[in-house]
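So you can see what is in the structure, the chains are spelled out below.
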Amino acid sequence: MRPAHPAPITSPDELALEVHALGLAHGLDAIGIASAEPLLRARAALEERKAAGLHAGMAFTYRRPVRSTTPSELVEGAAAIVVGARRYESIVPPRPDARGPYGAVARYAWTDHYGPLKEALGAVAAHLRRNGYRARVLADDNGLVDREVAHRAGLGWFGKNANLLRPGAGSWFVLGSVVTSAPLPVNEAPVADRCGACRRCIDGCPTAAIVAPGVIDAGRCLAWLVQAPGTFPRAHREALGARIYGCDDCQEVCPPNQRADTARVRARPAGQEPAGDPGRIEAWVSLLDLLGTDDETLMARHGRWYVAGRDPRWLRRNALIAVGNVADPADPDVASALARYLGDQDPMLRAHAVWACRRLGREDLLDALVGTDEPEVAEELAAPSPTPAQARRQSARGGA
Ligand code: B12
Ligand code: SF4
Ligand code: SF4
């Protein structure tokens, strides 16, 4: 019978060095190695927060906390986890000059970062396999709590905003892992807390979603609410501002991120675009275009985002709220888009169009509304009118 692991060609120490070099050569910015022991702190946090309802119905790692915190369930004989961080662009490009309201996209979603991250980790995994070990890549996967393994691997500390921050680099990065049976030398010294007395993220969150240091109430977090199916909670629609996907406020206000951004801008060659190749990133999306595009095209454009049930109506819902928050009420194109949605066959979209009209002070458009006896529409009509948006119209980003 063949042994599970043939005699290793390279020693674990040498292999760790090779893995490190390979990851960096494939575009990772930092690599650490964690033990594959069960992630008991994360398991307790998942279970406690689920019991307290702070997961707001999210599945992801919450669906099966024991599985997502037991690396040996992912790879037989798991002995170590190679964790990689890949940084993403964080300097916001100017809003396009073209007329019309624009929706804001959070930085991690401006372009695909998980593809290149998984490719780099795939190269690491292939090398481990060539050396006779098992190896499996996981990034943003329900099977593993990424930030906890990254913390254990010594990549950074947990900010009060719950994100992992790397010393000198801030939190603008995505994370992924290779769970392996290779007995690689693991990090023994996690990075100590560097938030100190700061609490800018807690105070800067537009919906007070950071309920304790490192603890997010997903039911208030805009990053979850834009992804969650269903009626967007009325209490948080104004706070949504121009966002249509993700939220960066608790990272924007963070001093280590601001220092890292300043250093990056200074290090850039003169004349280089602040956000790299503008053709490749999608920081702003024309809201009228989004509202006027058919489902297939919309999903072809934004399909790599997490859209519940891959149903574009949730993106349209977000766009209607953003229109209500940032559009010019006198723009005839805005008025005709809203009138179209007041006649949409989907009562959920009609209800959000009602909200947008009232928020813009365009109650006159409600004449185009159909199906007022549908419960969702009737409830919207009966709700108190939102605060008029005029005062905040000039601010197109995130209600700031
Ligand atoms: C579910 C999920 C969400 C949910 C819930 C977020 C949350 N905080 O749990 C929602 C949709 C809201 C979300 C939003 C975002 N997410 Co998200 N998300 C995930 C996912 C799929 C699971 C996270 C999870 O299991 N959370 C469970 C809880 C228990 O974990 P935790 O909050 O980290 O809790 C730890 C801390 O509290 C810490 N802790 C314990 N005691 C103490 C005490 C103190 C004082 C402190 C400070 C900490 C601390 O230990 C806990 C356990 O590890 C991961 C991918 C993955 N598979 O892991 C990505 C992930 C965490 N998300 C990521 C990103 C980029 C984001 C956003 C920035 C995206 C955006 N711009 O909109 C926001 C940030 C919101 C925020 N402030 O957290 C990255 C984080 C990268 C990083 N640098 O940290 C991940 C790792 C995806 C990836 N693979 O890159 N996300
Ligand atoms: S992502 Fe936005 S809503 Fe969520 S905790 Fe951070 S600032 Fe608050
Ligand atoms: S804003 Fe301050 S408290 Fe929050 S994560 Fe950044 S350094 Fe820590």
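Here the structure is shown first, and the text comes after it.
The sections below set out a description of the structure shown in this document. Predicted, not measured: the structure shown is a model, and the values here were computed from it. (Residues numbered from 1 in each chain as written. Chains lettered and ligands numbered in written order. Predicted model: local features only at pLDDT ≥ 70, side-chain atom pairs only at ≥ 80, totals over all residues. Heavy atoms only, no water.)

Some details on the overall build of the chain
When its secondary structure is counted, the chain shows 15 helices and 11 strands. Since a compact globule built from 400 residues should have a radius of gyration of about 21 Å, the 23 Å found for the chain is in line with a globular shape. Dimensions along the principal axes, computed over C-alpha positions, put the chain at roughly 75 × 50 × 45 Å. Counting the 400 residues in the chain, one finds 53% classified as buried. Look at the contacts in the chain between residues 6 or more apart in sequence, and 74% of them connect residues 24 or more apart. Here the chain has roughly 17,700 Å² of accessible surface; of this, 52% comes from carbon and sulfur atoms. With 48 positive and 47 negative side-chain charges, the chain shows a separation of 4 Å between the mean positions of the two kinds. (Helix = DSSP H or I, 4+ residues; strand = E, 2+ residues; numbered from the N terminus. Rg over C-alpha atoms; globule rule 2.2 N^0.38 Å. Buried < 20%, exposed > 50% of the residue type's maximum accessible area, 1.4 Å probe, protein only. Contact = heavy atoms within 4.5 Å. Areas by Shrake-Rupley, 256 points an atom, 1.4 Å probe, with all protein chains shown as cover. Lys, Arg positive; Asp, Glu negative; His and termini not counted. Charge placed at Lys NZ, Arg CZ, Asp CG, Glu CD.)

Some thoughts on the nonpolar core
By size, the foremost hydrophobic cluster in this structure holds 46 residues, and its most contacted members are I244, W305, V323, L338 and L342. Put simply, the parts of the chain that give this core at least two residues each are strand 3 (102-105), strand 10 (243-245), strand 11 (284-286), helix 10 (287-292), helix 11 (295-302), helix 12 (313-326), helix 13 (332-342) and helix 14 (347-359). Residue contributions to this core peak at seven residues, all from helix 12. Apart from the residues within four sequence positions on either side, L342 is in contact with R350, A353, V354, C357, L365, L366, A368, L369 and V370. (Core = buried A, V, L, I, M, F, W, Y, C linked by side-chain atoms within 4.5 Å.)

Overview of the site of ligand 1
Contacts to ligand 1 come from 40 residues, most closely from R49, T61, D146, E148 and N161. Residue T61 places a side-chain N or O atom 2.5 Å away from an oxygen atom belonging to ligand 1. One of the side-chain N or O atoms of D248 is found 2.9 Å from a nitrogen atom in ligand 1. Taken together, the elements giving at least two residues each to the shell around ligand 1 come down to helix 2 (40-51), helix 4 (146-152), strand 7 (173-180), helix 6 (222-225) and helix 8 (249-252). The dominant element in the shell around ligand 1, judged by the number of residues it contributes, is helix 2, at five residues. Taken together, the residues of the shell around ligand 1 sort by class into 24 nonpolar, eight polar and eight charged. (Near = heavy atom within 4 Å. Polar contact = N/O pair within 3.5 Å; in protein donor to acceptor, adjacent residues only side chain to side chain. Nonpolar A, V, L, I, M, F, W, Y, C, P; charged D, E, K, R; others polar.)

Observations concerning the sheet that holds strand 4 (residues 135-138)
Overall, antiparallel pairing links the four strands, which are arranged 1-2-7-4 in an open sheet. Where the open sheet ends on each side, the last strands, each with one partner, are strand 1 (30-35) and strand 4. Between one strand axis and the next, the sheet turns through 20° on average, direction left out of account. The sheet contact formed by strand 4 and strand 7 spans four bridges and is antiparallel. For R136, the partnering residue across the bridge sits in strand 7 and is V179. Sheet strands touched by helix 1 (residues 12-25): strand 1 and strand 2 (80-87). Its angle to strand 1, the strand with the most contacts, is close to 140°. Those strands touched by helix 3 (residues 114-130) are strand 2, strand 4 and strand 7, and its axis lies near 20° from that of strand 7. (Pairing = 2+ DSSP bridges. Axes fitted to C-alpha atoms, helices over the stretch in contact; angles between N-to-C directions.)

Details of the sheet that holds strand 10
With mixed pairing, three strands are arranged side by side in an open sheet as 10-3-11. Edge positions in the sheet fall to strand 10 and strand 11, since each of these pairs with one other strand and no more. Recorded for the sheet is a direction-independent mean angle of 40° between the axes of neighbouring strands. Sheet analysis places strand 3 next to strand 10, joined by two bridges and oriented parallel.

Quick word on the site of ligand 2
Lining the immediate surroundings of ligand 2 are C205, P206, T207, I210, I216, C221, L222, C247, D249 and C250. The class makeup of the residues in the shell around ligand 2 is eight nonpolar, one polar and one charged.

Points about the pairing of strand 7
Extensive coverage of strand 7 is indicated by the burial of eight of its eight residues. Burial along strand 7 is two-sided: the residues F173, L175, S177 and V179 and V174, G176, V178 and T180 are all buried. Here strand 2 runs beside strand 7; their pairing, made up of eight bridges, is antiparallel. Counted as the bridge partner of R86 is V174 from strand 7.

Observations concerning the pattern of salt bridges
The final tally for this structure, using the stated rule, is 16 salt bridges. For R313, the salt bridge goes to D346, with nearest N and O atoms at 2.7 Å. You can see R313 sitting in helix 12 and its partner D346 sitting in the loop between helix 13 and helix 14, a full 33 residues away along the chain. Of the residues examined, D346 reaches a relative accessible area of 13% and is grouped as buried. Connected through shared salt-bridge partners, R99, D331 and D333 make up one network. (Salt bridge = Lys/Arg side-chain N within 4 Å of Asp/Glu carboxyl O.)

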